[in-house]
Structures are given as C-alpha cells and as structure tokens.
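So the chains spell out like this:
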Amino acid sequence: MAETLKVAMPKGRIYKKASALFREAGLPIPEEVDESRKLVIPLPELDMEFILAKPVDVPTFVEYGAADIGIVGKDVLMEENRDVYELLDLGIARCRMSVIGLPDWKPGIQQRVATKYPNVASQYFREQGQQVEVIKLNGSIELAPLIGLSDRIVDMVETGQTLRENGLVEMNSIFEITSRLVANRVSYRMKNGQIQSLCDRLQKVISASE
Ligand code: PRP
C-alpha cells in the first residue's frame, strides 16, 4: 500500500486553480474540499492528505518535511528562499512582479519602496544601483504611494485592475510569476514513485494546455 503523500495547498487565489489542475490530471478532489474550512483534509482514496496553509508558509512546511510537497507561487519562493526542490512549473496563476508608482514619480533623494516582498525588492534595487529604503507591508500595498508612505511599491500585477482603479502605473516588470510544485528533499527520495507519478500526470495536462 502506498504511503500518504502530504500536500501543502495554498489557501486563497491559487487554491481553486490548483485543485482544478489536480482534477484535470485525473485526481478527483471532492468538490466539497474547495469550500471546507478544515485545515487538514485526508484523501485516502488518492493516498493523499491536503494541508491548507497560508501561501507564504507553504515553503516552510515543505522545507521541514511537515508536508512532502506543496504548491506555491514563484513570488513566495523567491522571497522566502527556503531549501525546497522545485519540481514543476504548473503554469497557473500567471502574473508578474513589478515596480509601480504614481504617474508623476521622479527619482528623488529620499526613496522609499513599500512591498510584501522585502528580500526581492532589496535585491532588485541593489542590482539596479538604486539606494532605497524598503518598507514591509502585509497587504493593500497600493495604498502606500496614494497616502504618502512610499514613493513606489513592488507588487504583483495580474489583470492590472488594482493599478488602474488607484491611478498607479507599472514602471518596470521584474519577473514573471507562476505557481510551482515543490518537494521536501528527503520526501522526494523516500516517496519518489508517488511524487514522480503525480508530476507525470500534471505535466501531461500542462503540456496539453500550452
Ligand atoms: C494582489 C496584489 C495586487 C493585486 C493585483 O493583491 O498585491 O494588489 O492582487 O491583481 P490585479 O492586477 O488583478 O488587480 P491581493 O488581492 O492578493 O491582496 P493584498 O492586497 O492583500 O495583497
């Protein structure tokens, strides 16, 4: 009998896309799981267990082996820099990380940048040779330039609606983001058959949709 594969799923905007991808790959995740408030969901018929985590915590659960594998955005992977094995680009939840500001923004002496991604932002501006003060926020990042907390922000852009509705402009795109399948390094060896067969199933769906 196969062991249970513990899968850290990100709560929120990626979850539904990820569970839809699993279903397309022939893994019938019951519909009621999508609406459940339970945090640990056994799926014995699939030899799996879903762990519903905050997206930013998925790499942590996987690095420490509390989950064998996980689904997480490249943005979080870049920011958290956890020791996990990136197995697959799932091609879902596509968006980009960008520098954003007010249309009349000009370089000044004091430059502040607000973001949920302080490591990514600091590295980017260092590479650009720009001296900035990075301020960590946890959400509604677009508020910062609107009310004078920062000159610019580094944030995700998906449809661009949040920018448009708040009169902000995208100045530079830093990198493209999609969701990734990641694995704990030990689990990848110990449960290789199960993980590999899941990767193969997912890869077929991804390739067919490209
Ligand atoms: C994200 C991101 C932007 C918005 C981009 O925020 O931080 O604010 O989505 O999407 P759009 O280009 O389609 O408008 P999220 O909704 O995750 O909430 P947050 O403000 O709490 O980060």
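As the structure is a computational prediction, the values presented were derived from the model and not from experiment.

1. Comments concerning the overall build of the chain
Part 1 of the argument: In terms of regular secondary structure, the chain is built from 9 helices and 11 strands.
Part 2 of the argument: Principal-axis analysis of the C-alpha atoms gives the chain an extent of 65 × 35 × 30 Å.
Part 3 of the argument: A burial count over the chain gives 44% of its 210 residues as buried.
Part 4 of the argument: A fraction of 68% describes how many contacts in the chain between residues 6 or more apart in sequence connect residues 24 or more apart.
Part 5 of the argument: Approximately 11200 Å² of the chain is accessible, and the part contributed by carbon and sulfur atoms is 49%.
Part 6 of the argument: Counting 26 positive and 30 negative side-chain charges, the chain places the averaged centre of each group 2 Å from the other.

2. Description of helix α5 (residues 118-127)
Part 1 of the argument: The set of residues buried in α5 consists of Pro118, Val120, Ala121, Tyr124 and Phe125. Down the axis of α5, the buried set is contained in an arc of 160 degrees. They therefore lie on one face. Exposed and oriented more than 90 degrees from the buried face of α5 are Arg126 and Glu127.
Part 2 of the argument: The inward-facing, buried residues of α5 abut α4 (74-80), β6 (95-101), β7 (112-115), β8 (133-136), β9 (152-157) and β10 (169-177).
Part 3 of the argument: Immediately downstream of α5, the backbone of glycine 129 shows phi near 70 degrees, a positive value.

3. Points about the site of the ligand
Part 1 of the argument: With respect to spatial proximity, 13 residues lie near the ligand, and among them Lys116, Glu142, Asp155, Thr159 and Thr162 are the closest.
Part 2 of the argument: Interatomic distance of 2.8 Å between a backbone N/O atom of serine 140 and an oxygen atom of the ligand.
Part 3 of the argument: The contact in question runs from an oxygen atom of the ligand to an N or O atom on the side chain of threonine 162, over 2.4 Å.
Part 4 of the argument: Here the ligand, which alone exposes 500 Å², has 74% of that area covered by the protein.
Part 5 of the argument: A majority-of-atoms criterion places the ligand in the largest pocket.
Part 6 of the argument: Those elements that provide at least two residues to the shell around the ligand are β9 and α7 (161-165).
Part 7 of the argument: Sorting elements by how many residues they give to the shell around the ligand places β9 first, with 3 residues.
Part 8 of the argument: Tallied by class, the residues present in the shell around the ligand amount to 2 nonpolar, 6 polar and 5 charged.

4. Re the sheet that holds β6
Part 1 of the argument: If you trace the 5 strands from one edge of the open sheet to the other, you get β8-β7-β9-β6-β10, paired in mixed fashion. Since the sheet does not close on itself, it has two edges, and those belong to β8 and β10, each with one partner. Taking the axes of each pair of neighbouring strands and ignoring which way they run, one obtains an average angle of 25 degrees across the sheet.
Part 2 of the argument: Bridge count between β6 and β9: 6 bridges; the pairing is antiparallel. Note on β9: the bridge partner recorded for arginine 96 is valine 157.
Part 3 of the argument: Set on the sheet, α5 makes contact with β6, β7, β8, β9 and β10; between it and β8 the angle comes to about 170 degrees.

The rules we used
Residues numbered from 1 in each chain as written. Predicted model: local features only at pLDDT ≥ 70, side-chain atom pairs only at ≥ 80, totals over all residues. Heavy atoms only, no water. Helix = DSSP H or I, 4+ residues; strand = E, 2+ residues; numbered from the N terminus. Buried < 20%, exposed > 50% of the residue type's maximum accessible area, 1.4 Å probe, protein only. Contact = heavy atoms within 4.5 Å. Areas by Shrake-Rupley, 256 points an atom, 1.4 Å probe, with all protein chains shown as cover. Lys, Arg positive; Asp, Glu negative; His and termini not counted. Charge placed at Lys NZ, Arg CZ, Asp CG, Glu CD. Arc of directions from axis to C-beta. Near = heavy atom within 4 Å. Polar contact = N/O pair within 3.5 Å; in protein donor to acceptor, adjacent residues only side chain to side chain. 1 Å grid on protein atoms, 1.4 Å probe; cavity = no way out; pocket = protein on both sides within 12 Å on 5 of 7 lines; lining within 4 Å. Sits in = over half its atoms within 2 Å of the grid points. Nonpolar A, V, L, I, M, F, W, Y, C, P; charged D, E, K, R; others polar. Pairing = 2+ DSSP bridges. Axes fitted to C-alpha atoms, helices over the stretch in contact; angles between N-to-C directions.

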